[in-house]
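A closer look at the structure
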Amino acid sequence: MTPDPSSVEAFFSQNTSTPIEQLFLPETQDSGVNLWLKRDDLVHDRVSGNKFRKLKYNALHACETGNTRLLSFGGAYSNHIYALAALGAALGFETVGLIRGEELDGDNPTLAFAQQCGMKLHFISRDEYRRKTNPEFIEKLRMQLGDFYLIPEGGTNDKAIRGCAELSREIRSQIDADFLCVACGTGGTIAGLITGADVKTRVLGYPALKGADFLTDEVQSLIPDDNATIWELVHDYHFGGYARINKQLVDFMRIFHQQSGVQLDPIYTAKMLFGVIDMIKNGFFPEGSDVVAIHTGGLQGLDGKRQEMARFLGEL
Ligand SMILES: *Cc1c(COP(=O)(O)O)cnc(C)c1O
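Residues numbered from 1 in each chain as written. Predicted model: local features only at pLDDT ≥ 70, side-chain atom pairs only at ≥ 80, totals over all residues. Heavy atoms only, no water.

Section: the packing of helix H2 (residues 49-64) against helix H7 (residues 158-174)
Relative orientation and spacing of two packed helices are given, respectively, by the angle between their axes and the distance between those axes. Their axes nearest at 6 Å, the elements H2 and H7 cross at an angle of 130°. In terms of their interaxial angle, H2 and H7 are classed as oblique. Regarding H2 and H7, the two cross each other, and that crossing is right-handed. Contacts between H2 and H7 pair Arg53, Lys54, Lys56, Tyr57, Asn58 and His61 from the former with Lys159, Ala160, Arg162, Gly163, Cys164, Glu166, Leu167 and Glu170 from the latter. (Axes fitted to C-alpha atoms, helices over the stretch in contact; angles between N-to-C directions. Helix = DSSP H or I, 4+ residues; strand = E, 2+ residues; numbered from the N terminus. Parallel < 35°, antiparallel > 145°, perpendicular 65-115°, else oblique. Left-handed = near helix turned anticlockwise from the far one by under 90°. Contact = heavy atoms within 4.5 Å.)

Okay, structure coming up:
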């Protein structure tokens, strides 16, 4: 099976509008702020959330230009690698994943799934991984592995921005938001949201990385120069760094799940929502504001964290 544009188109148009739900939480009920959750985690069960949005125009472009093989980069627990592998299996693309860490063997839930989907994994050293945008390195990969359509780490490129701008416009058609809140890794998703947002909507990004000062310039470089939407990054809720968790975060996830019925992921969405709720309690948002937090999915990341989470909950 080789993918054709019409089946790629059909795959991405099957779920064009995910719901926005109001959250009624005891902690925020007296704040006068309306908190909403854009349930983009529901966009697809395996090509989840923002990765679906980011892959859409990449997959279309790849197949329009006759590429049947998609190659990308990621860490051992990467939501992007997981989503790319699932997309390949669903649409008939070959997929190749270059995974950071030459000592790894693919024995974790994320990489096991990717391999089941048919993704070919290559484990590379951290030094090599750092060269992931270097043209000579990419050329060397082409010599070794044959031709491919390159999707950068996290899926972030101009086509990803286009897909996430579409998400922003979808939200605009559903609600007149004063604030959009989103978790950030590479910054591609927030750049797309800013690109597609109404000028009166402020966009807040919550980096999952500690010391992500580079991200401001990165996001700026990804959005149009004349974009007038006000946005900022909130650096206070990384919980010690990328993929770091603690008891406070795990307790928050459990209580949020009980109160809202919605499961969050510990790497991105739980930290972002913890931050949004904390800022509501601190009076950051004016009374009467409609604050939309975006559930960008990534629940597969729970599998790699279950043991650590159970330890914090006293279950182990
Ligand atoms: C990848 C991911 C992000 C980060 O997206 P960027 O575009 O890299 O900033 C946020 N949330 C979830 C759930 C993700 O999987």
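There's plenty left to go through after this.
Section: the sheet that holds strand E5 (residues 120-124)
Here we have 4 strands laid out as an open sheet, ordered E5-E4-E3-E6, and parallel in their pairing. Each edge of the open sheet is held by one strand with a lone partner, namely E5 and strand E6 (149-151). The sheet shows a mean angle of 20° between the axes of neighbouring strands, taken without regard to direction. In the packing of H2 onto the sheet, contacts are made with strand E3 (69-74) and E6, and the angle to E6 comes to roughly 170°. (Pairing = 2+ DSSP bridges.)

Quick notes on the pairing of strand E2 (residues 34-38)
Where a strand is regular, its side chains alternate between the two sheet faces. Across the 5 residues that make up E2, a large majority, 4, are buried. With 3 bridges joining them, strand E1 (residues 20-22) and E2 adopt antiparallel strand pairing. Following the sheet pairing, Ile20 is matched in E2 by Lys38. Here E2 pairs with strand E10 (residues 290-294) via 5 bridges, running parallel. Across the sheet, residue Lys38 finds its bridge partner in E10, namely Ile294. (Buried < 20%, exposed > 50% of the residue type's maximum accessible area, 1.4 Å probe, protein only.)

What about the packing of aromatic side chains?
Scanning all chains against the criterion turns up 14 aromatic pairs. The interplanar angle of 80° and the centroid separation of 4.8 Å between the aromatic rings of Phe179 and Phe285 together place this pair among those described as edge-to-face. With Phe179 in strand E7 (residues 179-184) and Phe285 in the loop between helix H11 (269-281) and E10, this residue pair connects regions lying 106 residues apart in the sequence. Neither residue differs from the other here; Phe179 and Phe285 are each classed as buried. Taken together, the aromatic side chains of Tyr206, Tyr237, Phe239, Phe252, Phe256 and Phe274 make up a single cluster linked through ring pairs. When the ring centre of Tyr268 is taken as origin, the NZ or CZ atom of Lys51, which lies over that ring, is 5.7 Å away. (Phe/Tyr/Trp six-rings, centres within 6.5 Å; stacked < 30°, edge-to-face > 60°. Lys NZ or Arg CZ within 6 Å of the ring centre and 35° of its normal.)

Topic: the environment of His257
Position of His257 relative to the elements: it lies in helix H10 (residues 247-260). What makes His257 partly exposed here is its relative accessible area of 32%. Taking the C-alpha atoms as reference points, His257 and Ala197, 60 residues apart in sequence, are found 29 Å from one another. Apart from residues lying up to four places away in sequence, His257 is in contact with Val262 and Gln263.

A short note on the domain arrangement of the protein chain
Here the protein chain is partitioned into domain 1 (7-45 + 163-312) and domain 2 (51-155). Computed from C-alpha atoms alone, the centre-to-centre distance between domain 1 and domain 2 is 25 Å. On the domain 2 side, the residues contacting the 24 residues of domain 1 number 21 residues. Across the interface of domain 1 and domain 2, roughly 2000 Å² is buried in total on both sides, 64% from carbon and sulfur atoms. Where Arg53 meets Asp40, a salt bridge forms, and the shortest distance between an N and an O atom there is 2.7 Å. In this structure, the connection of domain 1 to domain 2 is made through 7 residue pairs in polar contact (both at pLDDT 80 or more). Of all the secondary structure elements, the ones that give two or more residues to the side of domain 1 that touches domain 2 are helix H1 (5-13), H7 and helix H8 (188-196). (Domains from an automatic or database assignment. Buried area = accessible area lost by both parts, 1.4 Å probe. Salt bridge = Lys/Arg side-chain N within 4 Å of Asp/Glu carboxyl O. Polar contact = N/O pair within 3.5 Å; in protein donor to acceptor, adjacent residues only side chain to side chain.)

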